[in-house]
Amino acid sequence: MNRQAQAVVLLLLGGAVIRASLTDLHLRYVKEGLRPFLVAAGLLLVAAAVMTLFYELRPLLRRTPARHDDGHDARGDHDGHDGDDGHAHHEPRVGWLLILPVLGLLLVAPPALGSYAAGQAGTAVATRQQPSDYPPLPDGDPVRVTVLDYASRALFDRGTSIGDRRVQLAGFVTTGPDGRPLLARMVLSCCAADGRPVKLGLTGEVPDGLADDTWIEVTGRYSDRIARDPVNDAEIPYLDVESWRQVPVPRQQYE
């Protein structure tokens, strides 16, 4: 791969990053707050590619030097060569691997982490032995909370900050080790590479017959039932479901 080819691949990579950053595609890979950094990185890649192309093509834009009568050109070369050994200098072929992420961003749109990833990893919420410092839930009936917020309150203070309030939360369905459905949501620290699931067991009006990765919205109350995640032996809290409904896949699938 010569430098011109490197610059073209770099230009395609930068363009792909900018395209993903300016659409919702980047939400499948990183948290929403990282969008400005992705845009900046894409612009730097494009700028580097353009400057490399300009530097490499600049000699071709110059006028051909006048030749002397004895067959020598103005640069003093006898055969019109530029003074090198006549061989093109190439960089290692491994550089072509850079085109793989470009194709991945431009041609393939992998889904966000879902039930398969949740089944392979243990739940991200682990209990801790300390007093609860959670504030009361905000007003509303039902009050909308995230899966992570409910699981944290249910485990860390055994539902004290929830009380008898009705809560409403949304997530995707994944099948538990006992064959019963769980409600899950992936949480990110930075990007999809560190994504981990938060899982909730369901009692009461449990959704039945739904395929994995189906998004639902459930309304219910705190349940003191606890299960163990076979992947990492962490506790999985339960929600006593009063009603549920299927909902479209949200724009932001991670918490």
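Residues numbered from 1 in each chain as written. Predicted model: local features only at pLDDT ≥ 70, side-chain atom pairs only at ≥ 80, totals over all residues. Heavy atoms only, no water.

### Here's the deal with the overall build of the protein
At step 1: Counting secondary structure elements, the protein contains 5 helices and 6 strands.
At step 2: Reading the secondary structure of the protein in the N-to-C direction produces α-α-α-α-β-α-β-β-β-β-β.
At step 3: With 255 residues in all, the protein has 36% of them scored as buried.
At step 4: Put simply, of all contacts in the protein between residues at least 6 apart along the chain, 69% involve residues at least 24 apart. (Helix = DSSP H or I, 4+ residues; strand = E, 2+ residues; numbered from the N terminus. Buried < 20%, exposed > 50% of the residue type's maximum accessible area, 1.4 Å probe, protein only. Contact = heavy atoms within 4.5 Å.)

### Things to note about the pairing of strand 3 (residues 181–187)
At step 1: Where burial is concerned, most of strand 3 is hidden: 7 out of the 7 residues are buried.
At step 2: When strand 2 (residues 167–175) meets strand 3, the two strands line up antiparallel, connected through 4 bridges. Among the inter-strand pairings, Thr-174 is bridged to a residue of strand 3, identified as Leu-182.
At step 3: Between strand 2 and strand 3, which pair antiparallel in sequence order, lie 5 residues; one of them, Gly-179, sits at a positive phi of approximately 85°. (Pairing = 2+ DSSP bridges.)

### What about the environment of Arg-19?
At step 1: If you trace the backbone, Arg-19 turns up in helix 1 (residues 3–21).
At step 2: Measuring from C-alpha to C-alpha, the distance between Arg-19 and Val-39 comes to 8.7 Å, with 20 residues separating the pair along the chain.

### Observations regarding the side chain of Gln-253
At step 1: Mapped onto the elements of the fold, Gln-253 is located in the segment after strand 6 (235–246).
At step 2: Note on Gln-253: relative accessible area 19%, which makes it buried.
At step 3: Not counting residues up to four positions away in its chain, the partners in contact with Gln-253 are Ala-112, Arg-185, Met-186 and Trp-215.

### Thoughts on helix 5 (residues 147–156)
At step 1: Most of helix 5 sits inside the fold, with 8 of its 10 residues counted as buried.
At step 2: The elements touched by buried residues of helix 5 are strand 2, strand 3, strand 4 (196–204), strand 5 (215–228) and strand 6.
At step 3: The positive-phi residue at the C-terminal boundary of helix 5 is Arg-158, with phi of around 55°.

### So, the environment of Glu-217
At step 1: Mapped onto the elements, Glu-217 comes out in strand 5.
At step 2: Taking relative accessible area as the criterion, Glu-217 reaches 11% and is therefore assigned buried.
At step 3: Beyond its immediate sequence surroundings of up to four residues, Glu-217 is in contact with Arg-144, Gln-168, Leu-169, Ala-170, Ser-243, Trp-244, Arg-245 and Val-247.
At step 4: A polar atom in the side chain of Glu-217 sits 2.9 Å from the side chain of Arg-144. (Polar contact = N/O pair within 3.5 Å; in protein donor to acceptor, adjacent residues only side chain to side chain.)

### Some words on unusual backbone geometry
At step 1: Cis geometry is found at the peptide bond from Asp-141 to Pro-142, where omega equals -5°.
At step 2: If you check the backbone angles, Asp-213 has positive phi at about 75° while not being a glycine.
At step 3: With respect to the helices and strands, Asp-213 occurs in the loop between strand 4 and strand 5.
At step 4: Residue classification places Asp-213 among the partly exposed residues on the basis of a relative accessible area of 39%.

### Topic: helix 1
Each full turn of the α-helix corresponds to 3.6 residues, which orients residues three or four apart in the same direction.
At step 1: The end-to-end C-alpha distance of helix 1 is 27 Å, a good match for the 27 Å that 19 residues give at a rise of 1.5 Å each.
At step 2: Within helix 1 the residues assigned to the buried category are Ala-5, Ala-7, Val-9, Leu-13, Gly-14, Ala-16, Val-17, Ile-18, Ala-20 and Ser-21. (Expected span 1.5 Å × (residues − 1).)

### Some details on the packing of aromatic side chains
At step 1: A complete count under the given rule lists 2 aromatic pairs for this structure.
At step 2: The interplanar angle of 65° and the centroid separation of 5.7 Å between the aromatic rings of Phe-172 and Trp-215 together place this pair among those described as edge-to-face. Note that Phe-172 is positioned in strand 2 and Trp-215 in strand 5, a separation of 43 residues in sequence. (Phe/Tyr/Trp six-rings, centres within 6.5 Å; stacked < 30°, edge-to-face > 60°.)

### Some points on the environment of Asp-224
At step 1: One can find Asp-224 in strand 5.
At step 2: A relative accessible area of 63% means that Asp-224 is categorised as exposed.
At step 3: Distance from Asp-224 to Ala-154, taken between C-alpha atoms, is 7.8 Å for residues 70 residues apart in sequence.

### Here we look at the nonpolar core
At step 1: By size, the foremost hydrophobic cluster in this structure holds 24 residues, and its most contacted members are Tyr-150, Val-167, Leu-169, Leu-183 and Leu-239.
At step 2: Mapped by element, the contributors of at least two residues to this core are helix 5, strand 2, strand 3, strand 4, strand 5 and strand 6.
At step 3: If one sorts the elements of this core by residue count, helix 5 sits on top with 6 residues.
At step 4: Setting aside chain neighbours within four positions, we find Leu-169 in contact with Val-145, Thr-146, Val-147, Tyr-150, Leu-183, Leu-200, Ile-216, Glu-217, Val-218 and Leu-239. (Core = buried A, V, L, I, M, F, W, Y, C linked by side-chain atoms within 4.5 Å.)

### Points about the pairing of strand 4
At step 1: For strand 4, the tally of buried residues reaches 7 of 9 residues, placing the bulk of the element in the interior.
At step 2: Note: strand 3 against strand 4, 6 bridges, orientation antiparallel. When the bridges of strand 4 are listed, Leu-182 appears paired with Gly-201.

### What about the confidence of the model for the protein?
At step 1: The predicted model of the protein has a mean per-residue pLDDT of 80, with 77% of residues at 70 or higher.
At step 2: Contacts for the low-pLDDT stretch residues 76–88, under 50 throughout, to residues beyond four places or in other chains number 11 contacts. (pLDDT = per-residue confidence, 0-100.)

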